[in-house]
Amino acid sequence: MSNTKRIIIVGGVAGGASAAARIRRLSEEAEITMFERGKNISFANCGMPYHIGGDIPNRDNLLVQTPEQMQKRYRIDVRTQCEVKSINRQTKTVTVENLVTHEQFTQNYDALILSPGAEPFIPPTNGVKSSRVLTLRSLEDMDRIKEAVDKSLNQQAVVVGAGYIGLEMTEALVKRGISVTLIELANQIFTPADAEMTAPLLEQLETNGVDLKLGTSITNISEINNSLELTLSNNEKVTAGYVIMSIGVKPEVNLARAAGLKIGSTGGIEVNENMQTNDPNIYAVGDAVEVPHLLNGNKVLLPLAGPANRQGRIAADNIFGRKSIYKSSQGTAICKIFDLAIAMTGLSEKNLKRLGKRYEKIYVHPASHASYYPGSSQITLKLLFDPENGKILGAQAVGADGVDKRLDVLAVAIRAGRTVSDLADQELCYAPPYGSAKDPVNYAGFVASNAISGDMPVCHVEQILSASENQYLLDVRSKAEFQAGTIPNAKNIPLDELRNRISELPKDKEALAFCQVGLRGYLACRIMQQNKIPCRNLTGGYKIYKYYTAANNP
């Protein structure tokens, strides 16, 4: 292919800007034009809540590349405040409107890259078009929210949606001293994760004074005396200075659909592994496209910056004959909520149930680094795996420190098709300030391997709550721990007394043993198994029982 190509890119930010820079690195001769309807082409949209909250004081720090910088360094013709209104695939032209002058013009292309992103989902609620109802997508949106915050520090704010943006915006507003009501239609926050893993986040919200309303929606919005009165689905009334809608996003595909490009079952633009649409001269990248999931091949929408950057690069490679392919997504992500972080990769338990796929799960609660070194904190890690071959299917973790690096290791393990026994063998960095000789990743691998081998048959909270007449609950914690709170109907025999009291346990019933985090329960089961007493250990222990019941009865 000749390098003298006319390439048009629609949209900037992660996908479009990375495609433009890659194209220039591949070809000095290519004519590259980028159309962006906003004023900015490449900015750190993930950093916007942190500017509003004051963690990033300087707005300019969010500008990754300005139009002037892109023009100067990469010789790219950047046209901001210009919106592509239509695509003519037969003549290979786009019609563009200058949003300042409202003039329209056409421009030819040899290859076209669509990077329109995703737009906030706004429910059709009465009153939702009020100027006090805000969303966060662009820097201009951020400026409007920051102005509202600066002017209304004495007013309450309502955040609708407890996903990534909703939780980050809630934290940002609380940091600014604003009272926040957080409204979520689902019965849990951070719905990509499994409910019990979000229980520590509920504690964080409560500790920081957030008024959380789960299973609730807004049915009406009225403007009254320079504020908003919200009517909720439970008939409650809430007054707020402004509302931030963060229910979620949907791929922006109107331009693609009007051009006759295929839209997939998820609502995203359909592309092949080269990021090519059904028109070989048109590529699409970023939040607007659907991609296959690594673990099951099902098409998914994953609006994440990392995949968008890689997709932009891959589209550019293929335009110039380099056969780069996008090797699917696995949904690796992390979210900060006050002093905690929650991260996940691969499939969640609810995904696996929906798919009807066999799985097993274990929980561990290791320290973020050697517990004798100051500053250690506990991580709760959930590992999902195939009970037959041990292949890792997914992982989630929550904690104050060290969550990101553990989930990164597990994300690489999933990408490489590794098993839980491989985790036990991983050689990872260790020094007391950074980790433990048995890293949390190793620890999870040991526990999962024991569950598969039968050395530690596991049970789960759901089974504890529905125990049959042929089972009994055995709390092997200390007497003081037992008296401070236990699972209803549990018998207490502390682990250190178990060998001397083994005769108290029936051999014709199965013991469902538990301790605080799972280790003593495991040791108790090893003792009982070797005394011919059927036993399973509650993985994650009483701590997971508390998380499960808190998340399912918020």
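Residues numbered from 1 in each chain as written. Predicted model: local features only at pLDDT ≥ 70, side-chain atom pairs only at ≥ 80, totals over all residues. Heavy atoms only, no water.

(A) Region of interest: the overall build of the protein chain. Counting its regular elements, the protein chain contains 17 helices and 33 strands. When its C-alpha atoms are laid out on the principal axes, the protein chain stretches across 90 × 60 × 40 Å. Looking at the protein chain residue by residue over its 554 residues, the buried ones come to 54%. Considering only intrachain contacts with a sequence separation of at least 6, the fraction spanning at least 24 residues in the protein chain is 64%. Within the protein chain, the 58 negative side-chain charges are centred at a point lying 3 Å from the centre of the 61 positive side-chain charges. (Helix = DSSP H or I, 4+ residues; strand = E, 2+ residues; numbered from the N terminus. Buried < 20%, exposed > 50% of the residue type's maximum accessible area, 1.4 Å probe, protein only. Contact = heavy atoms within 4.5 Å. Lys, Arg positive; Asp, Glu negative; His and termini not counted. Charge placed at Lys NZ, Arg CZ, Asp CG, Glu CD.)

(B) Quick look at the pairing of strand β28 (residues 392-399). Burial analysis of β28 places eight of its eight residues in the buried class, the great majority of the element. Looking at chain direction, strand β27 (residues 379-385) and β28 are connected through seven bridges and run antiparallel. Pairing of Thr380 across the sheet is with Val398, part of β28. Here β27 hands over to β28 after six residues, with Gly390 in that stretch at a positive phi of 80°. (Pairing = 2+ DSSP bridges.)

(C) The arrangement of the packing of helix α1 (residues 13-26) against helix α8 (residues 305-319) in detail. Put simply, α1 and α8 touch, their axes get as near as 7 Å, and they point 35° apart. For the pair α1 and α8, the sense of crossing is right-handed. Listed contacts from α8 to Ala14, Gly15, Ser18, Ala19, Arg22, Ile23, Arg25 and Leu26 of α1 are Ala305, Ala308, Asn309, Gly312, Arg313, Ala316 and Asp317. (Axes fitted to C-alpha atoms, helices over the stretch in contact; angles between N-to-C directions. Left-handed = near helix turned anticlockwise from the far one by under 90°.)

(D) Region of the structure containing the environment of Val210. Inspection of the secondary structure assignment puts Val210 in the loop between α6 (199-207) and β14 (211-214). In sequence terms Val210 and Ile319 are 109 residues apart; their C-alpha atoms lie 49 Å from each other. Ignoring any residue separated from it by four or fewer positions in sequence, one finds Val210 in contact with Thr170, Val174, Val180, Leu182, Leu205 and Phe338.

(E) Fine view of the environment of Leu255. Summarising the element assignment, Leu255 is placed in helix α7 (residues 254-258). The sequence separation of Leu255 and Ile87 amounts to 168 residues, and the corresponding C-alpha distance is 7.4 Å.

(F) Highlighting the pattern of salt bridges. Across all of its chains, the model carries 37 salt bridges by this definition. A salt bridge links Glu83 to Arg37, with the nearest nitrogen and oxygen atoms 3.5 Å apart. Of this pair, Glu83 sits in strand β6 (residues 82-88) while Arg37 sits in the loop between β2 (31-36) and β3 (42-43), placing them 46 residues apart in sequence. One salt bridge connects Asp143 with Arg59, and the closest N-O pair in it is separated by 2.8 Å. Within this pair, whereas Asp143 is found in helix α4 (residues 139-151), its partner Arg59 is found in the loop between α2 (48-52) and β4 (63-65), the two being separated by 84 residues in sequence. A relative accessible area of 29% places Asp143 in the partly exposed class. Assessed through its relative accessible area of 24%, Arg59 is described here as partly exposed. (Salt bridge = Lys/Arg side-chain N within 4 Å of Asp/Glu carboxyl O.)

(G) Spatial organisation of the state of the cysteines. This model, assessed by the stated rule, comprises one disulfide. Here Cys335 stays free of any disulfide, with the sulfur of Cys46 as its closest cysteine sulfur at 10 Å. Here Cys515 is not disulfide-linked; the sulfur of Cys525 is the nearest cysteine sulfur, at 9.7 Å. (Disulfide = S-S within 2.5 Å.)

(H) Quick look at the packing of α6 against helix α17 (residues 541-552). Where α6 meets α17, the closest approach of the two axes is 8 Å, and the angle between their N-to-C directions is 65°. Contact with α6, carried on its side by Ala199, Pro200, Leu202 and Glu203, involves Tyr547, Ala550 and Ala551 of α17 and no other residues of that element. Taken together, the residues that form the contact of α6 with α17 break down as six nonpolar, no polar and one charged. (Nonpolar A, V, L, I, M, F, W, Y, C, P; charged D, E, K, R; others polar.)

(I) Summary view of α8. Counted at 1.5 Å a residue, the expected span for α8 with its 15 residues is 21 Å, and the 22 Å between its end C-alpha atoms agrees. Looking at α8, one finds that the buried residues are Pro307, Ala308, Gln311, Gly312, Ile314, Ala315, Ala316, Asp317, Asn318 and Ile319. Its buried side turned inward, α8 meets β1 (6-10), α1, β9 (111-114), β21 (282-284) and β22 (289-292). Two residues or fewer after α8 comes Gly321, characterised by a positive phi angle close to 80°. (Expected span 1.5 Å × (residues − 1).)

(J) Structural detail: the packing of aromatic side chains. Using the criterion set out here, one finds four aromatic pairs in the structure. An angle of 55° between the planes, with centres 6.0 Å apart, marks the rings of Phe35 and Phe105 as tilted. Of this pair, Phe35 sits in strand β2 while Phe105 sits in strand β8 (residues 104-108), placing them 70 residues apart in sequence. Taking the relative accessible area as the measure of exposure, Phe35 reaches 1% and is therefore buried. Between Tyr164 and Phe190 the ring centres are 4.9 Å apart and the planes differ by 75°, which places this aromatic pair in the edge-to-face class. Note that Tyr164 is positioned in helix α5 (residues 164-175) and Phe190 in the loop between β13 (180-184) and α6, a separation of 26 residues in sequence. Since its relative accessible area comes to 25%, Tyr164 is described here as partly exposed. Among the residues examined, Phe190 registers a relative accessible area of 0% and is labelled buried. Its guanidinium or amino end placed over the ring of Tyr542, Arg477 lies 4.4 Å from that ring's centre, counting from NZ or CZ. (Phe/Tyr/Trp six-rings, centres within 6.5 Å; stacked < 30°, edge-to-face > 60°. Lys NZ or Arg CZ within 6 Å of the ring centre and 35° of its normal.)

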